[in-house]
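# Examination of the molecular architecture
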Amino acid sequence: MGKPKIFATRRFPAEVEKRLYASYDVVMNDNDQPLDISDYARYADGCDGLMISPTEKMDRTAINTLPESIKIISTFSVGYDHIDVAAANARDITISNTPDVLTDATADIAMLCMLGAARQAQASEKSLREGGWGRWMPSGYLGTHMSGKRLGILGMGNIGQAVARRAKGFDMPIHYHNRRPVEEANVLDAIYHDSIESLLAVSDFLSINCPLTDNTHHLINKDRINLMPDGAILVNTARGPVIKDIDVIAALKTGKLAAAGLDVFEGEPNINPEYLTLDNVFLVPHIGSATYETRNDMGFKCLDNLDAFFAGTKLPSQVSL
Ligand code: DGY
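Bear in mind that the values here come from a model prediction, so they are computed numbers and not experimental data. (Residues numbered from 1 in each chain as written. Predicted model: local features only at pLDDT ≥ 70, side-chain atom pairs only at ≥ 80, totals over all residues. Heavy atoms only, no water.)

### Here's the deal with the nonpolar core
Leu20, Met51, Met114, Leu151, Met156 and Val163 are the most contacted members of the largest nonpolar core, which totals 48 residues. Of the residues forming this core, the biggest block, eight residues, is contributed by helix 5 (residues 103-118). Inspection of this core shows a minimum of three residues originating in each of domain 1 (5-101 + 292-319) and domain 2 (103-283). If sequence neighbours within four positions are ignored, Leu20 has contacts with Ile6, Ala8, Val26, Met28, Met51 and Leu303. Among the nonpolar cores identified, the runner-up in size contains 29 residues, and Leu199, Leu200, Ile243 and Val281 belong to it. (Core = buried A, V, L, I, M, F, W, Y, C linked by side-chain atoms within 4.5 Å. Buried < 20%, exposed > 50% of the residue type's maximum accessible area, 1.4 Å probe, protein only. Helix = DSSP H or I, 4+ residues; strand = E, 2+ residues; numbered from the N terminus. Domains from an automatic or database assignment. Contact = heavy atoms within 4.5 Å.)

In structure tokens:
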């Protein structure tokens, strides 16, 4: 029997592609441009599986355009909100993702966003680059101290826990909300809140680390922001649509939120343009997992999932509903 045939919807890191080509017949979207749903069937014709990234929306319509021969979709991401898992399962298509390997990289970016927002990194850097530094000023570029401030973590999975460990090093008392208490949080003296409302009330900083689901869509809206302490700082490294942009922007304008640090955006890369006009937001373009090591590990995990699937063994990380 020949090698299984995989349609790769994006270009992946060189080492990952090397292994992909060694193990599979590959149909590659060589120019790496986003594909239209109508292109999927043509590219995937005769393929056994797909290797995709979060930029490919695999909703029910897209899944139903795939040829019958497709039996697995391996996504190069921990998040799988871009895939309609129920629709895939109904077609007997297995879904796999890449948890664990991007925990540290993403938690690092959460800290970068936290510091960037708290210390006016974007506004001060911009001013320096534009020649506007002038003299050192006793009251110039003032930000907010992190030490001693309460950090609320929304979603205490692997990434939330890694953020908590890092924030502990900044002497921040940790609070969190999760579906259930997490044992690992005890060693960090993290305080569990059984409701999001109770967490928000004590969150001088709020780090969003929960997945995007129907339940978390626009979770951080005007009413919930109003529950936070005045001058709180919001950090999102999870998924853009967990926050409602127009409400966050309004709160950044009034100072209800002193600042925000954002790595992910609703509709990215077409972000709400108002963010670009605000000095109190620190913005980075969805780089949570963007280290050489992490992107390789994500690719290898995608391949481990494909290898296991075609070997008929248990997948390292299969997504189930
Ligand atoms: C993921 O894996 O879900 C990330 O958002 C990609 O960095």
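### Focus: helix 10 (residues 245-254)
Three- or four-residue spacings in an α-helix give side chains the same orientation, since the helix completes a turn every 3.6 residues. Those residues of helix 10 that fall on the buried side of the exposure criterion are Asp245, Asp247, Val248, Ile249, Ala251 and Leu252. Positive backbone phi, at 90 degrees, marks Gly255, one or two positions downstream of helix 10.

### Focus: the site of the ligand
Taken together, Ser77, Val78, Gly79, Leu102, Arg239, His286, Ser289 and Met298 are the residues near the ligand. One of the side-chain nitrogen or oxygen atoms of Arg239 is found 2.7 Å away from an oxygen atom of the ligand. Burial of the ligand by the protein chains amounts to 90% of its free accessible area of 230 Å². Considering only residue class, the shell around the ligand consists of three nonpolar, four polar and one charged. (Near = heavy atom within 4 Å. Polar contact = N/O pair within 3.5 Å; in protein donor to acceptor, adjacent residues only side chain to side chain. Areas by Shrake-Rupley, 256 points an atom, 1.4 Å probe, with all protein chains shown as cover. Nonpolar A, V, L, I, M, F, W, Y, C, P; charged D, E, K, R; others polar.)

### Some thoughts on the sheet that holds strand 12 (residues 281-283)
One open sheet holds the seven strands; their spatial order is 8-7-6-9-10-11-12, and the pairing between them is parallel. Where the open sheet ends on each side, the last strands, each with one partner, are strand 8 (191-193) and strand 12. When strand polarity is set aside, the average angle formed by the axes of neighbouring strands in this sheet is 15 degrees. In terms of strand pairing, strand 7 (residues 174-177) meets strand 8 through three bridges, oriented parallel. Among the inter-strand pairings, His177 is bridged to a residue of strand 8, identified as His193. Helix 7 (residues 158-169) rests against strand 6 (151-154), strand 7 and strand 9 (205-208) of the sheet, and its axis sits at about 170 degrees to strand 6. The sheet contacts of helix 10 involve strand 10 (232-236), strand 11 (257-262) and strand 12, and relative to strand 11 the element is tilted by about 135 degrees. (Pairing = 2+ DSSP bridges. Axes fitted to C-alpha atoms, helices over the stretch in contact; angles between N-to-C directions.)

### A few points about the sheet that holds strand 2 (residues 25-28)
Through backbone hydrogen bonds, the strands of a sheet pair up, either in parallel or in antiparallel fashion. Pairing is parallel in the open sheet, where five strands are placed in the order 2-1-3-4-5. Pairing within the sheet leaves two strands with one partner each, and these edge strands are strand 2 and strand 5 (94-96). On average, each strand axis in the sheet is inclined to that of its neighbour by 20 degrees, with strand direction left out of account. When strand 4 (residues 72-75) meets strand 5, the two strands line up parallel, connected through three bridges. By the bridge assignment, Ser74 is partnered in strand 5 with Ser96. Against the sheet, helix 1 (residues 14-23) engages strand 1 (5-8), strand 2 and strand 3 (49-52), with an angle of about 130 degrees to strand 2.

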